[in-house]
Amino acid sequence: MFKKGVLLILFLLLTTNVFAIRLVEPISKELLENDFVGAIVPGQTLELIISKELGRFNSLELTSGLTENFDVSVKDYLESVKIIISSNKNTPKTNYFFSFILKGVSSSESIRVFFSVEESLLDVALLNYSSETFVNNSAEYEFLLINNSDADAIFKIKLDLPWYWLGDEYFGKEYYKEVIVPKQQKKIEKIIVYPRVHGEHYFNSKISMQDNIKEFTLYSKVLSTFNSKFNSSLMGFPFYSISLLPSYFLTSIVSLVFN
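Note that this is a predicted model, so its numbers are computed, not measured.

The helix and strand tally for the protein stands at three helices and 17 strands. Burial status across the protein gives 39% buried among its 259 residues. At a minimum sequence separation of 6, the contacts of the protein that also span at least 24 residues come to 67%. When the accessible area of the protein is evaluated, it comes to approximately 15,000 Å², of which 56% is carbon and sulfur surface.

Here it is in structure tokens:
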């Protein structure tokens, strides 16, 4: 029994002195020298969470690297330390090495690691470019927003349409929306418009992803109703010629009668 107790104490002493710096986020693993800790695109912020290993360490200090192109800060928490590395849109795309030391009452450990700044970690795909609906009914389009980076990403969506095709919440305003996609995730974003004129219509959409922009042309086939055949002059002006304005004005008067 005594031997078992001695062996247990020796085991605990050995294991408590084993080298271990644990990265919790964005990748969960024990870090080795020159290890990879994440990837971002220019303009993103990489957040590294380092475990204090149940009180073995109590502080962290950066010792080298990241003197240019980044804003870096360290935040201390009860069970972990967070290294916040913010890049800018002009940050060169390459690998960046830096070193830090974890300090404790009875021991400290230092290590050198790296992360990468890359170009094509964010992407967007159009799941349906066309829609068929009736005048004043909704037409839906879906975008797949893809974030393969190790930081949350902001996707900015714009539509080239008059405000009265966009719904009540856009009264007098253009369509603009920001969507946050968490790191290493995908998100389907649905866009809804309300065509006001029958016929076939094409309009442009623009998706901004940090330092990259993608444009898509969307198509809407709009089926007419009895009233919509007359009120096109009221809602479809951006899609027609100004030279036909007198005839549009006449039909708009007819549409008001049949409303």
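From this point, the narrative continues.
Let us now look at the packing of aromatic side chains. Here the structure, examined in full by the defined rule, presents 14 aromatic pairs. Between Tyr202 and Tyr219 the ring centres are 5.0 Å apart and the planes differ by 45°, which places this aromatic pair in the tilted class. One end of the pair, Tyr202, is in strand β16 (residues 199-209); the other, Tyr219, is in strand β17 (residues 212-223), with 17 residues separating them in the sequence. Looking at Tyr202, the relative accessible area reads 53%, which means it is exposed. Taken together, the ring pairs connect Phe70, Tyr96, Phe98, Phe100 and Phe115 into an aromatic cluster.

Here we come to the sheet that holds strand β6 (residues 70-76). Reading across the sheet, the five strands line up as β2-β1-β4-β7-β6 and stay open at both edges, with antiparallel pairing between neighbours. On the outer flanks of this sheet lie β2 (29-30) and β6, each paired with one strand and no other.

Along the chain, Val24 turns up in strand β1 (residues 22-25). Judged by relative accessible area, which is 34%, Val24 ranks as partly exposed.

The next thing to look at is a positive patch on the surface. Together, Lys89, Lys156, Lys158 and Lys206 make up a positively charged patch on the protein surface. Of note, Lys89 is situated in the loop between β7 (80-87) and β8 (95-103). The exposure class assigned to Lys89 is exposed, which follows from its relative accessible area of 60%.

Let us look at the pattern of salt bridges. What the rule picks out here adds up to 10 salt bridges. Among the salt bridges present, the one from Glu61 reaches Lys103, with a minimum N-O distance of 2.7 Å. Taken together, the residues span a long stretch of sequence, with Glu61 in strand β5 (residues 59-64) and Lys103 in strand β8 at a distance of 42 residues. Exposure remark for Glu61: the relative accessible area of 38% places this residue in the partly exposed category. Since its relative accessible area comes to 33%, Lys103 is described here as partly exposed.

The rules behind the values
Residues numbered from 1 in each chain as written. Predicted model: local features only at pLDDT ≥ 70, side-chain atom pairs only at ≥ 80, totals over all residues. Heavy atoms only, no water. Helix = DSSP H or I, 4+ residues; strand = E, 2+ residues; numbered from the N terminus. Buried < 20%, exposed > 50% of the residue type's maximum accessible area, 1.4 Å probe, protein only. Contact = heavy atoms within 4.5 Å. Areas by Shrake-Rupley, 256 points an atom, 1.4 Å probe, with all protein chains shown as cover. Phe/Tyr/Trp six-rings, centres within 6.5 Å; stacked < 30°, edge-to-face > 60°. Pairing = 2+ DSSP bridges. Patch = residues over 30% accessible without salt bridge, like charges linked within 9 Å, V, L, I, M, F, W, Y side chains within 5 Å. Salt bridge = Lys/Arg side-chain N within 4 Å of Asp/Glu carboxyl O. Lys, Arg positive; Asp, Glu negative; His and termini not counted. Charge placed at Lys NZ, Arg CZ, Asp CG, Glu CD.

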